[in-house]
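Listed below are the residues making up each chain.
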Amino acid sequence: MNGRPGIRTVMDGNTAVAHVAYRVNEVCAIYPITPSSTMAELADQWSAEGLRNIWGNIPVVQEMQSEGGAAGAVHGALQSGAMTTTFTASQGLMLMLPNMMKIAGELTATVFHVAARALATSALSIFGDHSDVMTARTTGFALLSSGNVQEAHDAALIAQAATLKARIPFLHFFDGFRTSHELNTLFLLGDDDIRAMISDDLVRAHRARALDPEHPFVRGTAHNPDTFFQAREAVTPYYNAVPGIVSDAMERFAALTGRRYRLFEYEGAPDAERVLILMGSGAETARETVKVLAARGEKVGAIQLRLYRPFSAADLLAALPATASAIAVLEQTKESGAPGEPLYLDVVSALAAAAGRGERATMPFVVGGRYGLSSKNFPPSLVKAALDELARRDAGGRCVARHGFTLGIDDDVSHSSLAADESFSIEPDSVTRAVFFGLGADGTVGANKNSVKIIAEDAGRFAQGYFVYDSHKSGAQTASHLRFGPDPIRAPYLIASAGFLACHQFGFLERQDILGLAAPGAVFLLNSPHGPDTVWDRLPRAVQRQLIDKRIRFFVIDASRVAREVGLGSRTNTVLQTCFFAISGVLPREEAIAHIKKSIQKTYGRKGETVVQKNFAAVDGTLARLSEVPVPAEVTSAFDSPSLVPANAPEFVRRVTAPMLEGRGDRIPVSLVPADGTFPSGTSAYEKRNIAEEVPVWREDLCIQCGQCSFVCPHSVIRSRYYHEDLLAGAPPTFKAAPVNARGYPEARFTLELYVEDCTGCGLCVEACPVTSPREPGVRAINMVDKQPVLATAKENLAFFEKLPVNDRARVDFANVRGVQFLEPLFEFSGACAGCGETPYLKLLSQLFGDRAQIANATGCSSIYGGNLPVTPWTKDREGRGPAWSNSLFEDNAEFGLGFRLAADKHLETARTLLAELAPAVGEELARAILAAPQIEESEIREQRARVAALKSALAGIDSEAARNLMSVVDHLVRRSIWIVGGDGWAYDIGYGGLDHVLASGRDVNVLVLDTEVYSNTGGQASKATPLGATAKFATAGKRVPRKDLALQAIAYGNVYVAQVAMGANPQQTLQAFREAEAYPGPSLILAYSHCIAHGIDMRFGMKQQDLAVASGYWPLLRFNPAMRAAGLNPFRLDSPRPAIPFKKYAYNEIRYSALADIRPNEAAGILAEAQATVNAKYRQYEQLAGLDAEGFQAGVQPLAPPSGPPGRGP
Amino acid sequence: MNLATDYMGLKLANPLVASASPLNADIGNIVRLAAAGAGAVVLPSLFEEQIEAEDARRVDLIEGWSNSFAEALTYFPRQSEYAVGPDAYLSLIRKARSEVDIPVIASLNGITNEAWLGYALDMEEAGAHALELNIYFIPADLTLTGVKVEQRYREIVRSVSAALHIPVAVKLSPYFSAPGNFAVSLAEAGARGLVLFNRFYQPDIDLQRLEPVTDLELSRPNEIRLPLLWLALLSGRVKASLAATSGVNSPDEVVKYLLAGADVVMTTSALLRNGVEYIGTLRRGLEAWLSERRFDSVDQMRGLLNQSRVSDPQAFERANYIRILQGYGSTRR
């Protein structure tokens, strides 16, 4: 190999690409979107740290309000001559399209780096496929694809070199997650290599084309029919030159580094008859597979396509063996309604043209196939299935391969899927394959990333790590797929057969088929509280059977105990990592242990010798306590793994949800998956995750029945009911009840019950309890205890509790927290983080208005824990009513929700008109009552529901178009509550324009902003809600401007109801604000302080932190009610007292603030002072507003009532 | 007026020292103290346990949620330079050294032998003029004998002072059977200064919540009696500088301590009550007292009333106790 390969290291694809992109640019305009966010985060971090590019300057990194904004800023910077880039994926790329057309049209050199990801259709997916880049193929950008981490790293540079020469902008893409998040060994380009590829002459030429008043010109004109067409054609020569320019760049790159790439890279038999053509990581799998098959004498081949646009037919034809008679073009996208996916059409047209021109003797048989949508696993067995399909011949020897086939699914609807031999494998024995199952919080992934580094960097092997996470934010299961070997690892697919298997959570063995992945003779490590003598009897039959049949060597360790004993607390990662090195055989044992210790020294050295010694002790202690369990010859267990969902669960849950929960979702056939994205509500109730080790128990003797604990519970596991004492007959002996703590109900009993299996153990309830026992130190009316001892009785009691009648909503006092506990939550058991600060607000919304609410939910945390399969937490009440919930996009949520309102108003108008028309038929009295009904109080809503039920009965007996039409919209006669829910990233940034417009519309919508002050879902990037002085991603050096005052902006309209709330500071004010907002007949906006893991706090004290936020004056509680102004009163109410503590006392409890003092102590002090001054000034401003009279505020336009008159009265 | 004082070989412009307190964690306060005329400043104690707890907390909060959700493998900016361990403290020493001219004394409270020595060396390297060992240690283990406890103190003092070039002081509690003998043995073990006395953490109980209350009460002037007694007893009889602390509220207490034999007088409570500039008030009060009595220097009056020089040495011993009791009875009538 010629050239210098570079330093050998381990990186994921995102880091590998960012490493180059940062060094060859001066400006980066960024916005977070999975799975590309890491590239932007690294650029921001490096810029903050002062890392320089190849020209010796520090690139400017600017976060924008959306990808649309980022593309605009990129366009501007390019027009001003700066070397500029951005990073994105999926929907983000869609928002960039208009600017991309402009940038390409103006022949501007730039590279956009895209971690390719599925576009949202009937559902969102964060995972990888090519539907986004395929949609961008018409922009005029060149599209360069890379198939693994090394290629992505190298292509980032090749693209940059080529774009400068070609003046055509490049979109460089690699597979989201599969490449962006895969750790793999690579040779890192040095700055000298990078410099050698980038021509400064071309950079200066780029600058010279910039807008410059010293040499003015005009660009971006509007053309007329006379010249526009010609202008489009004028660019053609530039596109024609691109393939040659890219080839040249690849050749220069090869000379520098020894790594040679081609536009179309052929692999396989020189005389192949069957050939696959594809792009991305799948191409690597295909190439490796055909290599093996060709070696066995099969006439097969594969072409990896790197430069997709401009499409070079000549290069394709040159790469394709003349012998190829059957070709399958495999694509990671689906273009519904098209005769084939885009690349298929390109290939067909290239071949047809060649055949037509006589350049090829025959036209091969070409079919298209789809694979890998949303990162669906694409192993060699599927490559073989496609090649086998190409081998199908009819009696006359003609190829009869199906066109439009699918790989990796069971399509029992259109019968497109190809069967595959799952046992087919091409993996060499020299590769160690290891799979680890762990919990998100147990350090398994972190430890495995570290092992990959150790083995690749210290031990000189090649290594690969890929990590699969489930969709929960707390208690999520992780699966780490690791490969190690003497040669580069080219296997971008999951491990199907592992020589080493580890299960770091004992409970997983009962939930899914862990040992299904074990190869015969594999080593299995189980982290088990049961020792080597007793563990066998604790294993289900199926597990024992596999241990015996596969002749598995079985080891156990009690990692928690070892960690505790050596003083590492609950951190088991060092212990489990040591086990892996000790028994996997990946390295000789002594060498492995030496490497771990070296790594410990490196990681913890700065933290002092004690920490190092404790970890060394963990390594030594592990070796002493790791035991091999002799596997008996016979299965002895008397039990099987229990079914994950009860037998009486609905059919959909049993047939679709349950397999997903068991990790068998890949096998669900097409016919069972809803075609239009419609899923049943309330399936989270069937997923008993049991993730908490501690759960709360109720002390009925101490409880004052205030409802605070259930109010703050983020997972709706605390429920209260009151009932007649007679209903206690037949209660289990441990069932608890107390006399109702109110006068006039001597026979009423109160019970607070817990869904212990759904509890995450966050402890917010205990901290919210205002009661302390007068006799027992530290005891409250609700206390955490170990779950296992109470689990059985708790389930029994819960079963009895569920049979008690649900309290009548019409008799519950909605006006205070105490009353709200009796309302059924219609949002329950979500996968949100333990102690989440957002979900209590959603639960409250669901309790108060859920049975008539329609919710538009912006993409973000709330759409993920609210609607990420396998289960759905939005549920329905005993009468079958509940929130109707949908997520459109991130950027359009306010508009989406306004659409709900417009339709609801229209339907209401129709219903009222028809009812008036049908009044004689349905009864004048009934019609009048319905039309005039006030619907503010719950009792009034219940009465209206009864009237509407009567109306439906009446309509059922009327045979007329009008009656049928009224029936179709009759439900709108019950006042519908429209909610627009999202986070601050949506409300303050990407969706702000729409939100502003919707607030200005005057329509009756309720906007709830779950304000965590960062983009929580994508990992804590700064938004315009991020406060002054806080660090966040994209604000590594601390946010330097105060957060936007969205409340005041909305108040400025005059007719918008606005509230700022913090449940942890004043739950009653929160409740009041929700009710007022909903009752207000115009637009309402609630800004809800939501503590978050991205703040760096102990979540158990999240509500206390909210209290401090208010007490410091940082988050004043306020309500602005335009209805008050109409009554001649000041509409602005400041609900929280003057600051009682300094801002620092609140802020420095949180890592996001204190980090700045750690990293930049000099600046932190100044910023803190500035932040305090801002708090003071803001509070003074609010105080002044609270002191005005009604005339101090503009009236604003009257809220727009539904056209046929208001269904309700004003508050 | 010559207020110059020698404390463990350090030259102080006057004997007023701001003792270890959270006030001195702020470089602004240190600058103001120096400007107001403090003779020296003791930085707040670096607690080994606290550092380790904070490091562990930071790791938990930053890494506890990482690598568990596909969209967000982390939630905080990747900081290559989070301050860990004693970094922040050491940078405070450096900053104080660069911004003020008065001696900067670091203070350390360790648990493990490694930490005592390791952190002490770090502090010396960061530029501390001296080190105060705050051996804050409650022998809650009921099998631990007094002899063992004293031994432990001496071992710490011996190993730290042998390793350091800067002088080492020990902040003591009064709760030893023979504090005087113990003080002498610490000086022999290498302590160049003795700070009398440390105020131990003494919890109260909240009767409403049935919880221990861990707030700290500021010291009151009547608390000077105990240190005064032992300063007077030790002055001139121990080969170490003596620092008085506790109960300073006005120049009167400063004068009393100096008369009893203190080389320097430390205060926190007075500064917390009256602001850091109050150290200037104390200094001016001392000057006024000295002028009134026509002393030219503080050395002339230091130790005038220590036990070896007062006309009735027994006043500081048992007789004192008896007289006080008698006096108490008479004032009651």
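Remember, it's a predicted structure, so these values are computed and weren't measured experimentally.

What counts and how
Residues numbered from 1 in each chain as written. Chains lettered and ligands numbered in written order. Predicted model: local features only at pLDDT ≥ 70, side-chain atom pairs only at ≥ 80, totals over all residues. Heavy atoms only, no water. Helix = DSSP H or I, 4+ residues; strand = E, 2+ residues; numbered from the N terminus. Rg over C-alpha atoms; globule rule 2.2 N^0.38 Å. Buried < 20%, exposed > 50% of the residue type's maximum accessible area, 1.4 Å probe, protein only. Contact = heavy atoms within 4.5 Å. Areas by Shrake-Rupley, 256 points an atom, 1.4 Å probe, with all protein chains shown as cover. Lys, Arg positive; Asp, Glu negative; His and termini not counted. Charge placed at Lys NZ, Arg CZ, Asp CG, Glu CD. Phe/Tyr/Trp six-rings, centres within 6.5 Å; stacked < 30°, edge-to-face > 60°. Lys NZ or Arg CZ within 6 Å of the ring centre and 35° of its normal. Pairing = 2+ DSSP bridges. Axes fitted to C-alpha atoms, helices over the stretch in contact; angles between N-to-C directions. 1 Å grid on protein atoms, 1.4 Å probe; cavity = no way out; pocket = protein on both sides within 12 Å on 5 of 7 lines; lining within 4 Å. Points joined across faces, edges and corners; volume = space filled by probe spheres on them. Nonpolar A, V, L, I, M, F, W, Y, C, P; charged D, E, K, R; others polar. Salt bridge = Lys/Arg side-chain N within 4 Å of Asp/Glu carboxyl O.

1. Quick notes on the overall build of chain B
Item 1. In terms of regular secondary structure, chain B is built from 12 helices and 12 strands.
Item 2. Radius of gyration (C-alpha) of chain B: 22 Å, near the 20 Å computed for a compact globule of 333 residues.
Item 3. Projected onto its principal axes, the C-alpha coordinates of chain B cover approximately 80 × 45 × 45 Å.
Item 4. Among the 333 residues that make up chain B, the fraction classed as buried is 55%.
Item 5. Contacts in chain B between residues far apart in sequence, at least 24 positions, make up 70% of those at least 6 positions apart.
Item 6. Here chain B has roughly 15,600 Å² of accessible surface; of this, 52% comes from carbon and sulfur atoms.
Item 7. A gap of 9 Å separates the mean positions of the 32 positive and 39 negative side-chain charges of chain B.

2. Section: the packing of aromatic side chains
Residues and elements named next belong to chain A.
Item 1. Using the criterion set out here, one finds 41 aromatic pairs over all chains in the structure.
Item 2. Plain terms: the ring middles of W698 and F750 are 5.7 Å apart, the flat faces sit at 65 degrees to each other, and that makes the pair edge-to-face. You can see W698 sitting in strand β23 (residues 694-698) and its partner F750 sitting in strand β26 (residues 748-754), a full 52 residues away along the chain. Comparing W698 with F750 shows no difference in burial state: the two are buried.
Item 3. Consider the rings of Y1114 and Y1146, whose centres lie 5.5 Å apart with planes at 20 degrees: the pair is stacked. Of this pair, Y1114 sits in the loop between α37 (1102-1111) and β36 (1118-1120) while Y1146 sits in helix α39 (residues 1143-1147), and the two are 32 residues apart along the sequence.
Item 4. Connected via pairs of aromatic rings, a cluster forms that spans F436, F484, F500, F580 and F581.
Item 5. Residue placement shows K384 over the ring face of F424; its charged tip is 5.5 Å from the ring centre.

3. Here's the deal with the sheet that holds strand β37 (residues 1132-1134) of chain A
Residues and elements named next belong to chain A.
Item 1. Reading across from one edge, β29-β28-β30-β31-β35-β34-β36-β37 is the order of the 8 strands in this open sheet, with mixed pairing throughout. In the strand order of this sheet, the two ends are held by β29 (884-886) and β37, each with one partner. Taking each pair of neighbouring strands and ignoring which way they run, the sheet shows an average axis angle of 15 degrees.
Item 2. By the bridge criterion, 6 bridges tie strand β31 (residues 1006-1011) to strand β35 (residues 1084-1089) in an arrangement that is parallel. Counted as the bridge partner of L1008 is I1086 from β35.

4. Observations concerning the pairing of β31(A)
Residue and element names in this part refer to chain A.
Item 1. Within β31, 6 of the 6 residues are buried, leaving the element largely enclosed by the surrounding structure.
Item 2. Residues N1006, L1008 and L1010 line one face of β31 and the alternating positions V1007, V1009 and D1011 line the opposite face, and both faces are buried.
Item 3. The sheet contact formed by strand β30 (residues 977-983) and β31 spans 5 bridges and is parallel. The residue bridging V981 from the neighbouring strand is L1008, located in β31.

5. Side note on empty space enclosed by the protein
Residues and elements named next belong to chain A.
Item 1. Going through the model one piece at a time under the given rule, you end up with 16 cavities of 30 Å³ or more.
Item 2. Estimates place the volume of the largest cavity at around 410 Å³.
Item 3. Around the largest cavity, the lining is made up of 37 residues, and of these T859, G860, F890, N1017 and T1018 lie nearest the centre.
Item 4. Residue assignment for the lining of the largest cavity shows that the elements contributing at least two residues are α4 (90-105), α28 (861-867), β30, α33 (984-990) and β32 (1014-1015).
Item 5. Considering each element in turn, the lining of the largest cavity owes the most residues, 4 residues, to α33.
Item 6. Taken together, the residues of the lining of the largest cavity sort by class into 16 nonpolar, 15 polar and 6 charged.

6. Some thoughts on the environment of A:G1019
Item 1. Position of A:G1019 among the secondary structure elements: in the loop between β32 and β33 (1021-1022).
Item 2. Judged by relative accessible area, A:G1019 falls into the buried class, the value being 0%.
Item 3. In this structure the C-alpha to C-alpha distance between A:G1019 and A:E634, which are 385 residues apart in sequence, comes to 49 Å.
Item 4. Not counting residues up to four positions away in its chain, the partners in contact with A:G1019 are A:K1033, B:A72, B:T74, B:Y75 and B:F76.

7. Comments concerning the pattern of salt bridges
Residues and elements named next belong to chain A.
Item 1. Counting across every chain of the model gives 80 salt bridges over all chains.
Item 2. With its nearest N and O atoms 3.0 Å apart, the salt bridge here joins D620 to K597. Placement of D620 in helix α21 (residues 609-625) and of K597 in helix α20 (residues 589-604) is noted, with a sequence separation of 23 residues between them.
Item 3. What makes D620 partly exposed here is its relative accessible area of 40%.
Item 4. Its relative accessible area of 23% is what places K597 among the partly exposed residues.
Item 5. Here E828 and R719 are joined by a salt bridge, their closest N and O atoms 2.7 Å apart. Taken together, the residues span a long stretch of sequence, with E828 in the loop between α26 (817-820) and α27 (839-849) and R719 in strand β24 (residues 718-724) at a distance of 109 residues. Residue E828 shares its accessibility class with R719, and that shared class is buried.
Item 6. A single salt-bridge network, built from bridges that share partners, covers D1011, E1013, R1043, E1150 and R1152.

These figures come from the coordinates and say nothing about function on their own.
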